[in-house]
Amino acid sequence: MELKKLRCSNCDGPLKQADDGKYYCENCGTSYLMDMDPEDVIYEKINDLTSNENLTKVAENINARASKTFRYVALVIFFLFIVVGVLMVFFIRSELKHRIEAEQSAAIVSSQMAERESEFNEEYDRISEQIESQRDNLTGDS
Ligand SMILES: [Zn+2]
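Residues numbered from 1 in each chain as written. Predicted model: local features only at pLDDT ≥ 70, side-chain atom pairs only at ≥ 80, totals over all residues.

Asker: Hey, could you run me through the overall build of the protein chain in this one?
Answerer: Helix and strand content of the protein chain: 2 helices and 3 strands. Moving toward the C terminus, one meets the helices and strands of the protein chain in the order β-β-β-α-α. Its C-alpha radius of gyration of 50 Å places the protein chain more than 25% over the 14 Å reference for a compact globule of 142 residues. Projecting the C-alpha coordinates of the protein chain onto the three principal axes gives extents of approximately 155 × 40 × 25 Å. By the burial criterion, 1% of the 142 residues in the protein chain qualify as buried. For the protein chain, the share of sequence-separated contacts (at least 6 apart) that also reach a separation of at least 24 residues comes to 0%. (Helix = DSSP H or I, 4+ residues; strand = E, 2+ residues; numbered from the N terminus. Rg over C-alpha atoms; globule rule 2.2 N^0.38 Å. Buried ≥ 20, exposed ≤ 12 C-beta atoms within 10 Å, placed from the backbone. Contact = placed C-beta atoms within 7 Å.)

As structure tokens, then:
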């Protein structure tokens, strides 16, 4: 491979490529167009690559890859939903368990308090009766 300078065949001036794909001489303005020879190997390759069949094949390839990617993403999202669902079930179950345990211990505490209260009331009544009987004894003696 070698780099070739593009030169005008009329005046040997430098050639510049314009937006229309043509080359123009900067000195005399002669225009040049790349002439594709149908027997040219590169021309054949370009023709092959840009043929409808090939473009259709490329498009099908891209579609297949896109749908594969889509299926993969859908699968990942599905598994994420399952994981989140399982975690939520575990969380709700442990939350319910904690709540039930808290209610049970609250019930135990309140029954213990009721027991203490009745014990205190019995003690209070017993002492009150003692005081009453002692006062009766004192007043009975005098
Ligand atoms: Zn020229």
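Read on, since the account is not over.
Asker: So what exactly am I meant to see when it comes to the sheet that holds strand 3 (residues 31-32) here?
Answerer: One key point about sheets: their strands pair by backbone hydrogen bonds, in either a parallel or an antiparallel sense. Spatial strand order, 1-2-3: 3 strands in an open sheet with antiparallel pairing. Since the sheet does not close on itself, it has two edges, and those belong to strand 1 (15-17) and strand 3, each with one partner. By the bridge criterion, 3 bridges tie strand 1 to strand 2 (residues 23-25) in an arrangement that is antiparallel. Its bridge partner being in strand 2, Leu15 is matched across the sheet by Cys25. (Pairing = 2+ DSSP bridges.)

Asker: How should I be thinking about unusual backbone geometry in this particular structure?
Answerer: Residues other than glycine predominantly adopt negative phi, and peptide bonds predominantly adopt the trans conformation. Residues other than glycine seldom take positive phi values, yet Asp12 does so here, at roughly 65 degrees. In this fold, Asp12 is placed in the segment before strand 1.

Nothing here speaks to function; it is all geometry.
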